[in-house]
Amino acid sequence: MALQKPYLGLPGTTIFDAEQARKGYWLNQFCMSLMKADNRARFKADERKCLDEWPMTEEQKQAVLARDLNRCIAAGGNIYFLAKIGATDGKSFQQMAGSMTGMSEDEYRQMMVCGGRDPRWGRS
Amino acid sequence: MARITASVYTSHVPAIGAAMDLGKTHEPYWQPVFAGYEFSRQWMKDNTPDVIVLVYNDHANAFSLELIPTFAIGTAAEYTPADEGWGPRPVPKVIGHPELASHIAQSVIQDDFDLTIVNKMDVDHGLTVPLSLMCGRAQAWPCPVIPLAVNVVLYPVPSGKRCWNLGRAIRKAVESYDAPLNVQVWGTGGMSHQLQGPRAGLINKAWDNRFLDRLIDEPATLAEVPHVEYVTEAGSEGIELVMWLIARGAMSDAPPRVRHRFYHVPASNTAVGHLILENT
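Please read all numbers here as calculations on a predicted model, not as lab measurements.

## Focus on the overall build of chain B
Each helix and strand in chain B was counted, giving 10 helices and 10 strands. The C-alpha radius of gyration computed for chain B amounts to 17 Å, which stays within 12% of the reference 19 Å derived for 280 residues, consistent with globular compactness. Judged by the C-alpha coordinates and their principal axes, chain B covers about 50 × 40 × 40 Å. For chain B, buried positions account for 57% of its 280 residues. Sequence separation of at least 24 residues holds for 83% of the intrachain contacts in chain B that already meet a minimum separation of 6.

This is the structure in structure tokens:
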């Protein structure tokens, strides 16, 4: 019998389940390497060379190089792992989260100050 | 015998820690957040426990995808603040309580909760931000802390009911510890927030406040709420709130005394919720 996944229909949301985690294993483990200052410096010096040391898919590498977090998540990334890339770039969680919404940094910040996104967003 | 006297509930937003570490707490954006904890810091001074059991989640810092324990209890003598990518927070190391932690582990495992026992791990903002909020900038934390890490990153996380029952098992464990310790249990994380995808930034004030009401008045019924309601109504990361049920389950069956309640939007991407409940 198939597993129940009642969360698959949520708008604009990818739940990090076993399937996503399997797909994103090396992408997320690469992100973990950025917890060490030396590895952050090596990544900044030559991003492509660093990524090529990991058995990631080309799509995962391209998504990282483009800093496209939605693409990273579609490729199995999880935000808490991907946050290490943002930290390496000097970005805050708010800048990272906002970058996935199609809004500018200011628009996103303003939305949060005004009470955040309506929970009915995208629901039928 | 040891006893649980109170429980504390709070969000653990990393930006709150950064605001404290960078001296931004009086900026207009942050002032309302910290004003909500002024009472709490005084309460903490007046009611410093002997030990805190601090329920939190690791955010891919101590645990990568190599190892993902659903429940992990720290039995170490001390824990170092993690480098989450921005460098470690400039906060004191966390002193553990190996004797009580080991006692809790033995008791709850015998009650069918298969805890992972951890003797070496760094602790991230999930654990240090609640301490900072409750204790301010400190040279040392006021008492030993037992970290209880819950997986809420890789789905499925433990159910609300499982968390509630673990809390009850922890209560039984503490009450059977043969030393007169005053113990607090803290539940952290939440409230509504979503950090990923086009729906990032979701906040649900009505749902959050109903959660606070029910946590106080009808926690056993609240524990029946399924995961999908958390992620639908409170956002994908709002599921952290199941951890509050562990702290609530550790309280006595009598209605608690509500010493403090606070709610504020936003702190970065997140709704901040906070409660202090005392056993009567």
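Next comes the rest of the account.
## Section: the overall build of chain A
Helix and strand counts for chain A stand at 9 helices and 0 strands. Based on the C-alpha atoms only, the size of chain A along its principal axes is roughly 45 × 45 × 20 Å. The buried share among the 124 residues of chain A stands at 36%. Taking all contacts inside chain A whose residues are at least 6 apart in sequence as the whole, residues at least 24 apart take part in 58%.

## Digging into the packing of helix 4 (residues 98-110) of chain B against helix 6 (residues 160-175) of chain B
All names here are of chain B. The contact between helix 4 and helix 6 brings their axes to 9 Å, and the two run at 125°. When the interaxial angle is binned, helix 4 and helix 6 end up oblique. When you trace helix 4 past helix 6, the crossing you get is right-handed. Side by side, helix 4 and helix 6 meet where His103, Ile104, Ser107 and Val108 of the first sit next to Leu166, Ala169, Ile170, Lys172, Ala173 and Val174 of the second. Looking at the contact of helix 4 with helix 6 residue by residue, the class counts come to 7 nonpolar, 2 polar and 1 charged.

## Some thoughts on the sheet that holds strand 6 (residues 116-118) of chain B
Residue and element names in this part refer to chain B. An order of 6-3-7-2-8-1-10-9 is seen for the 8 strands of this open sheet, with the pairing classed as mixed. Sheet topology places strand 6 and strand 9 (257-267) at the edges, where each strand pairs with a single neighbour. Strand-to-strand twist across the sheet, computed as the mean angle between neighbouring axes with direction ignored, equals 20°. Relative to strand 1 (residues 3-10), helix 6 is tilted by about 145°, and along the sheet it contacts strand 1, strand 2 (51-56), strand 3 (71-74) and strand 8 (182-188).

## Quick word on the interface of chain B and chain A
Facing the 34 residues of chain B at the interface are 45 residues of chain A. Elements supplying a minimum of two residues to the side of chain B that touches chain A: helix 1 (14-21), helix 9 (227-234) and strand 9 of chain B. When the residues that make up the side of chain B that touches chain A are grouped by side-chain class, the tally is 18 nonpolar, 12 polar and 4 charged.

## A word on the domain arrangement of chain A
All names here are of chain A. Here chain A is described as being made up of domain 1 (18-89) and domain 2 (92-124). One C-alpha centre belongs to domain 1, the other to domain 2, and the line joining them spans 23 Å. At the interface, 4 residues of domain 1 touch 5 residues of domain 2. Looking at the side of domain 1 that touches domain 2, the elements with two or more residues in it are helix 6 (69-74) and helix 7 (79-88). In terms of residue class, the side of domain 1 that touches domain 2 is made up of 2 nonpolar, 2 polar and no charged.

## Quick word on helix 2 (residues 25-33) of chain A
The α-helix advances 3.6 residues per turn, and as a result positions three or four apart in sequence lie on the same side. All names here are of chain A. Residues Leu27, Asn28, Phe30 and Cys31 constitute the buried set of helix 2. Taken end-on, helix 2 shows its buried residues confined to a sector of 155°, consistent with a single buried face. Among the structural elements, helix 4 (47-51), helix 5 (58-65), helix 6 and helix 7 are those in contact with the buried residues of helix 2.

## Comments concerning helix 6 of chain B
Counted at 1.5 Å a residue, the expected span for helix 6 of chain B with its 16 residues is 22 Å, and the 23 Å between its end C-alpha atoms agrees. Turning to helix 6 of chain B, its buried residues number three or more, namely Gly160, Cys163, Trp164, Asn165, Leu166, Gly167, Ala169, Ile170, Arg171, Ala173 and Val174 of chain B.

## Some remarks on the pairing of strand 7 (residues 145-150) of chain B
Residue and element names in this part refer to chain B. For strand 7, the tally of buried residues reaches 6 of 6 residues, placing the bulk of the element in the interior. Residue alternation in strand 7 divides its side chains into two sets, Val145, Pro147 and Ala149 and Ile146, Leu148 and Val150, and both sets are buried. One ladder, built from 5 bridges, connects strand 2 with strand 7; its direction is parallel. Its bridge partner being in strand 7, Ile52 is matched across the sheet by Val145. Where strand 3 meets strand 7, 3 bridges bridge the pair, whose relative direction is antiparallel. Counted as the bridge partner of Ile73 is Leu148 from strand 7.

## A few points about the environment of Cys31 of chain A
All names here are of chain A. Tracing the backbone through its elements, the reader meets Cys31 in helix 2. Take Cys31: there are 28 C-beta atoms within 10 Å of it, and that puts it in the buried class. Here the alpha-carbon distance between Cys31 and Ala97, two residues 66 residues apart in the chain, equals 17 Å. Once residues within four sequence positions are removed from consideration, Cys31 is found in contact with Phe81, Leu82, Lys84 and Ile85.

What counts and how
- Think of each chain on its own: its residues are numbered from 1, step by step along the sequence as written.
- Starting at A for chains and at 1 for ligands, labels are handed out in the order in which the entities are written.
- Side-chain atom pairs in this predicted model are given and counted only at pLDDT of 80 or more, local residue features only at pLDDT of at least 70, and totals for whole chains, interfaces and linings cover all residues.
- Numbering goes from the N terminus for both helices and strands, where a helix is a DSSP run of H or I of at least four residues and a strand is a run of E of at least two.
- In this description the radius of gyration comes from C-alpha coordinates, and the expected globular size is given by 2.2 Å times residues to the power 0.38.
- Think of it as a crowd count around each C-beta: if 20 or more other C-beta atoms lie within 10 Å the residue is buried, if 12 or fewer it is exposed, and in between it is partly exposed, with C-beta placed from the backbone throughout.
- Contact definition: two residues whose C-beta atoms, as placed from backbone geometry, lie within 7 Å.
- Orientation is described by lines fitted to C-alpha atoms, with helices fitted over the stretch in contact, and by angles between N-to-C directions that extend from 0 to 180 degrees.
- To sort the angles, those under 35 degrees are grouped as roughly parallel, those over 145 as roughly antiparallel, those from 65 to 115 as roughly perpendicular, and the leftovers as oblique.
- What makes a crossing left-handed is the near helix being turned counterclockwise from the far one by less than a right angle; a clockwise turn instead makes it right-handed.
- Residue polarity follows a fixed list, in which Ala, Val, Leu, Ile, Met, Phe, Trp, Tyr, Cys and Pro are nonpolar, Asp, Glu, Lys and Arg are charged, and the others, Gly among them, are polar.
- Between any two strands, pairing holds if DSSP finds at least two bridges.
- Bear in mind that the domain bounds are from an automatic or database domain assignment.
- Directions from the helix axis toward the C-beta atoms define the arc.
- Take the number of residues in a helix, subtract one, and multiply by 1.5 Å to get its expected span.

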